[in-house]
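# Notes for the structure review
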2 protein chains.
Amino acid sequence: MARQTPPARRPTLEMVAAEAGVTRSTVSRALNGEPDVSQTTIAHVRVVAARMGYVPNRAAKSLASARSMAIALVIPEPGVLALADPHLVAVMAGVSRRIEQSDYLLNLMVAGDSENQKIMRYLTSGVVDGVLVASQHSRHDALLHLHDLVPVVFSGRPTEETDPPNYFIDVDNAGAAGVAVSHLLGLGRRRIATITGPEDMAAAGDRTAGWRAALASAGLPADLVAVGDWTALGGAAAMRTLLDEHPDIDGVFAANDVMAAAAVSVLLDAGRRVPEDVAVVGFDDSSAALSARVPLTTMSQPSERSGELMADLLLRILAGEQVPISTVVESHLVRRESA
Amino acid sequence: MARQTPPARRPTLEMVAAEAGVTRSTVSRALNGEPDVSQTTIAHVRVVAARMGYVPNRAAKSLASARSMAIALVIPEPGVLALADPHLVAVMAGVSRRIEQSDYLLNLMVAGDSENQKIMRYLTSGVVDGVLVASQHSRHDALLHLHDLVPVVFSGRPTEETDPPNYFIDVDNAGAAGVAVSHLLGLGRRRIATITGPEDMAAAGDRTAGWRAALASAGLPADLVAVGDWTALGGAAAMRTLLDEHPDIDGVFAANDVMAAAAVSVLLDAGRRVPEDVAVVGFDDSSAALSARVPLTTMSQPSERSGELMADLLLRILAGEQVPISTVVESHLVRRESA
DNA sequence: TTGTAGGCGTTATCAC
DNA sequence: GTGATAACGCCTACAA
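So, here's what we can say about the structure. On a predicted model such as this, the values are computed, not experimentally measured, just so you know.

This next bit is on the overall build of chain A. Scanning chain A for helices and strands turns up twelve helices and twelve strands. The C-alpha radius of gyration computed for chain A amounts to 25 Å, which surpasses the reference 20 Å derived for 339 residues by more than 25%, pointing to a less compact arrangement than a globule. Looking at chain A as a whole, 56% of its 339 residues are labelled buried. Across chain A, 29 positive and 39 negative side-chain charges occur, with their mean positions spaced 7 Å apart.

Here you go:
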């Protein structure tokens, strides 16, 4: 019913060396594939190490070499439930795929603000060689200044400008929002609302700005704004508010697909037809766009590719290359049924 | 447009000691809150350390103390996309919440088999003090024998018995499946199919066994089985096959909600009414049960609580406590509209 | 091609 | 209460 965890003393380099009849240096070199080691020695050492079940102690290795060969992917969201966002998951998939191909090991962490301290210390304690931050859904705070202790790449423009600046990759949020709204205008819509994210977040602010600009250049007032929180619940609440206060709405641009899908649901339940009565455009072209009750027209964003790109960037930085501070990925309108 | 990553040499204990006018030992003790250090010294050292931005080097710390204060949560799934499973995410949330409250740091890793080697080495290299394995959706392979190098707790009975055995927490899969099928029988259904997971996985096999047993004791043949892969796609395909080959089906027990929801969708599209023509019962009571086109009747499983429990168990093992090998959590039928 | 020796930044065991 | 002084397990010049 219960058992002791065995002491399980793992073999050290020293022990392998003794067993193989050589010195630690030789074993180290053989196992790390360094040049100038005889093939015979390599083979022999490998066999002995394998037989003994030797696994190098990573802490010792990091300490001695000043590198950990690990990269952290930080999700600065309150909880693991943030993983409900398909865009985020896609970015993670891209990062993961790219890092897998490298010699580095990926190490995910969800940073609820409560324990930010713990994570910040971890990230700066030398056990990861670089950090990837994925999310435009929350403030970055301390993460913004992490980069003078360890290389960092953001997905989504950081919430604040810093000196020196942070590396990041992002879409042209304002531009994309403009395209979305223009599409709605092209459909003859004149009362176009937006469901956005918290204003102090870059992606939210920029998308709202794009919406506003497009309306302005069409000579229309930009008065229909509801702030959501990127979740289905928040999106639904925002849509209900908008509908209550402005029953004449005929178009909606939501800052992400999850909120757009929720908005569609609210509209249908309120007896509005989508897109006949109200046309809806989302953002991300994530899986949420397809599973919505009316398949969403949306601004596509290469989420998975973005993940690969940010991983790539970090890898290059770690390799000592010079890389651009910002990388912009393409976005384009994907037409489906909702608009 | 580009910039150099600064050398950024971090202060060491040594440097803090010099600055504070004491020795490394004292600084170490003061910072780690050890007894027998004068309050004045503690205060002084803390101030100096903070001013210098000192962050202990975790590699050195682990090496010297033989403990890393980190725990890994391994998701042994082919890709990050496994995160689409709401049950898994709930387990993760539970684990995360529990570990956050401890002194340990949680460290997620997705283990596609391709890089199993990399992760296995990581897990046994001394940089994590314990391992949590979350998923009954794939074979465990090497993970099964990890426990003679580092403490491990599984969520879901491991696919194979080992000696010594692995710690795990799980629901009574066969029993729960029996309850589900009995419910269908109680509704007068007689042609009850099951959509299961790959047979070599514990949760799948046990649930199918429970389904089979319940039918047997009702004197009915257990001939309607379709194997899915826990995903919506797999569930839909399985349902289509069942429907083609056995148009007389009037009940379905799916091994998880995601497949059940997909099955409902296929049934509706085929013109069957749910639950009037075909009653469907799922498993997990995850968010997928609520978002299905017909809200699902399902066998609830305390996913988040399971996560907390497994974290708890590991923490206790690390604290040197004796704990039971297996922990069974409760499951019960949740009635909604689908059956 | 291989061995020698010092050091990476902490903790921990002694004395003082 | 604080200071020396070994480890901890590995890497890496440098020497041979």
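Next, the rest of the story.
Looking now at the sheet that holds strand β8 (residues 251-254) of chain A. Residues and elements named next belong to chain A. If you trace the six strands from one edge of the open sheet to the other, you get β7-β6-β8-β9-β10-β12, paired in mixed fashion. Edge positions in the sheet fall to β7 (225-227) and β12 (332-334), since each of these pairs with one other strand and no more. Looking at each pair of strands side by side, their axes are set apart by 20° on average, direction ignored. By the bridge criterion, three bridges tie β8 to strand β9 (residues 279-284) in an arrangement that is parallel.

A few words now on the protein's contact with DNA strand C. Not every one of the 28 residues close to DNA strand C is listed here, only the nearest: Ser25, Thr26 and Thr41 of chain A together with Leu13 and Ser28 of chain B. Atoms of DNA strand C within 4 Å of the protein belong to the sugar or the phosphate in 59% of instances, the rest to bases. At a separation of 2.5 Å, a phosphate oxygen of DNA strand C approaches a polar side-chain atom of threonine 26 of chain A. Here a base oxygen of DNA strand C and a backbone polar atom of alanine 64 of chain A are 3.4 Å apart. For the surface near DNA strand C, the secondary-structure elements that each account for two or more residues are α2 (24-31) and α4 (58-65) of chain A together with α2 (24-31) and α4 (58-65) of chain B. Taken together, the residues of the surface near DNA strand C break down into ten nonpolar, eleven polar and seven charged.

Bringing unusual backbone geometry into the picture now. The omega torsion of the bond from valine 274 of chain A to proline 275 of chain A falls at 10°, within 30 degrees of zero and hence cis. Of the consecutive residues aspartate 163 of chain B and proline 164 of chain B, the connecting peptide bond is found in the cis state with omega at 0°. Within the secondary structure, proline 164 of chain B is located in the loop between β4 (152-155) and β5 (167-171). One non-glycine residue, methionine 69 of chain A, lies in positive phi territory at about 55°. Position of methionine 69 of chain A among the secondary structure elements: in the loop between α4 and β1 (70-75).

A few words on the interface of chain B and chain A. Chain B puts 56 residues into the contact, and the matching count from chain A is 56 residues. Each partner contributes to the roughly 5,000 Å² buried at the junction of chain B and chain A, and carbon and sulfur atoms together form 60% of this total. Seen at the junction of chain B and chain A, the total is zero salt bridges. The tally of links between chain B and chain A comes to 16 residue pairs in polar contact (both at pLDDT 80 or more). Contributing elements (two or more residues each) for the side of chain B that touches chain A: α4, α5 (86-100), β2 (105-110) and α6 (116-123) of chain B. Considering each element in turn, the side of chain B that touches chain A owes the most residues, six residues, to α5 of chain B.

What follows concerns the pattern of salt bridges. Inspection of the entire model under this criterion finds 25 salt bridges over all chains. Arginine 98 of chain A serves as the salt-bridge partner of aspartate 312 of chain A, at 2.3 Å between the closest nitrogen and oxygen. Separated by 214 residues along the polypeptide, aspartate 312 of chain A in helix α12 (residues 303-318) and arginine 98 of chain A in helix α5 (residues 86-100) bring together distant segments of the chain. On the basis of relative accessible area, aspartate 312 of chain A is assigned to the partly exposed category, the value being 25%. A relative accessible area of 23% means that arginine 98 of chain A is categorised as partly exposed. Glutamate 308 of chain B serves as the salt-bridge partner of arginine 305 of chain B, at 3.1 Å between the closest nitrogen and oxygen. With arginine 305 of chain B and glutamate 308 of chain B both in helix α12 (residues 303-318), this residue pair falls three residues apart, about one helical turn. In this structure arginine 305 of chain B comes out as partly exposed when scored by relative accessible area, which is 44%.

With respect to the helices, strands and loops of the structure, alanine 18 of chain B is situated in helix α1 (residues 13-20). Separated by 199 residues in sequence, alanine 18 of chain B and serine 217 of chain B have C-alpha atoms that sit 78 Å apart.

With that out of the way, let us pick up helix α7 (residues 173-186) of chain A. One turn of the α-helix equals 3.6 residues, which is why residues spaced by three or four share an orientation. Residue and element names in this part refer to chain A. Taking 1.5 Å of rise per residue, the 14 residues of α7 would be expected to cover 20 Å, and the 20 Å separating its terminal C-alpha atoms lies within 8% of that figure. Looking only at α7, the buried set comprises Asn173, Ala176, Ala177, Gly178, Ala180, Val181, His183, Leu184 and Leu185. In the segment just after α7, glycine 188 is the residue with positive phi, at about 90°.

Residue and element names in this part refer to chain B. Two elements in contact, helix α9 (residues 232-245) and helix α10 (residues 257-269), have axes whose closest approach is 7 Å; the angle formed by their N-to-C orientations is 45°. Here α9 is positioned oblique relative to α10, judged by the angle of their axes. Note that α9 runs across α10; the crossing there is right-handed. Contacts between α9 and α10 involve Ala232, Gly235, Ala236, Met239, Arg240 and Leu243 on the former and, on the latter, Val258, Met259, Ala262, Ala263, Val266 and Leu267. When grouped by side-chain class, the residues that make up the contact of α9 with α10 number ten nonpolar, one polar and one charged.

Turning our attention to the packing of aromatic side chains. Enumeration over the complete set of coordinates arrives at two aromatic pairs over all chains. Looking at arginine 207 of chain A, its charged tip hangs above the ring of phenylalanine 283 of chain A, at a distance of 3.7 Å from the centre.

To continue, consider the environment of glutamate 161 of chain A. All names here are of chain A. Position of glutamate 161 relative to the elements: it lies in the loop between β4 (152-155) and β5 (167-171). You can call glutamate 161 exposed: its relative accessible area is 73%. Sequence-wise, glutamate 161 and alanine 20 are 141 residues apart; in three dimensions their C-alpha atoms are separated by 56 Å.

A few words on the relation of the copies chain B and chain A. The transformation that overlays chain B on chain A combines an axial shift of 0.1 Å with a rotation of 180°, and the residual RMSD is 0.1 Å. Here the two chains are linked by the operation of a two-fold rotation axis. When the interface residues of chain B are mapped onto chain A, 100% of them again fall at the interface, so both copies present the same face.

This brings us to the pairing of β8 of chain A. All names here are of chain A. What you see with β8 is no split at all: Gly251 and Phe253 on one side and Val252 and Ala254 on the other are buried throughout. Across four bridges, strand β6 (residues 192-196) lies against β8 in parallel orientation. In the sheet register, threonine 194 faces β8, and the bridge partner there is phenylalanine 253. In this fold, the crossover linking β8 to β9 by way of helix α10 (residues 257-269) has right-handed handedness.

Reading the values: the criteria
- Residues numbered from 1 in each chain as written.
- Chains lettered and ligands numbered in written order.
- Predicted model: local features only at pLDDT ≥ 70, side-chain atom pairs only at ≥ 80, totals over all residues.
- Heavy atoms only, no water.
- Helix = DSSP H or I, 4+ residues; strand = E, 2+ residues; numbered from the N terminus.
- Rg over C-alpha atoms; globule rule 2.2 N^0.38 Å.
- Buried < 20%, exposed > 50% of the residue type's maximum accessible area, 1.4 Å probe, protein only.
- Lys, Arg positive; Asp, Glu negative; His and termini not counted.
- Charge placed at Lys NZ, Arg CZ, Asp CG, Glu CD.
- Pairing = 2+ DSSP bridges.
- Axes fitted to C-alpha atoms, helices over the stretch in contact; angles between N-to-C directions.
- Near = heavy atom within 4 Å.
- Polar contact = N/O pair within 3.5 Å; in protein donor to acceptor, adjacent residues only side chain to side chain.
- Nonpolar A, V, L, I, M, F, W, Y, C, P; charged D, E, K, R; others polar.
- Contact = heavy atoms within 4.5 Å.
- Buried area = accessible area lost by both parts, 1.4 Å probe.
- Salt bridge = Lys/Arg side-chain N within 4 Å of Asp/Glu carboxyl O.
- Expected span 1.5 Å × (residues − 1).
- Parallel < 35°, antiparallel > 145°, perpendicular 65-115°, else oblique.
- Left-handed = near helix turned anticlockwise from the far one by under 90°.
- Phe/Tyr/Trp six-rings, centres within 6.5 Å; stacked < 30°, edge-to-face > 60°.
- Lys NZ or Arg CZ within 6 Å of the ring centre and 35° of its normal.
- Least-squares fit on C-alpha atoms with pLDDT ≥ 70 in both.
- Right-handed = clockwise from strand over helix to strand, strands pointing away.

These figures come from the coordinates and say nothing about function on their own.
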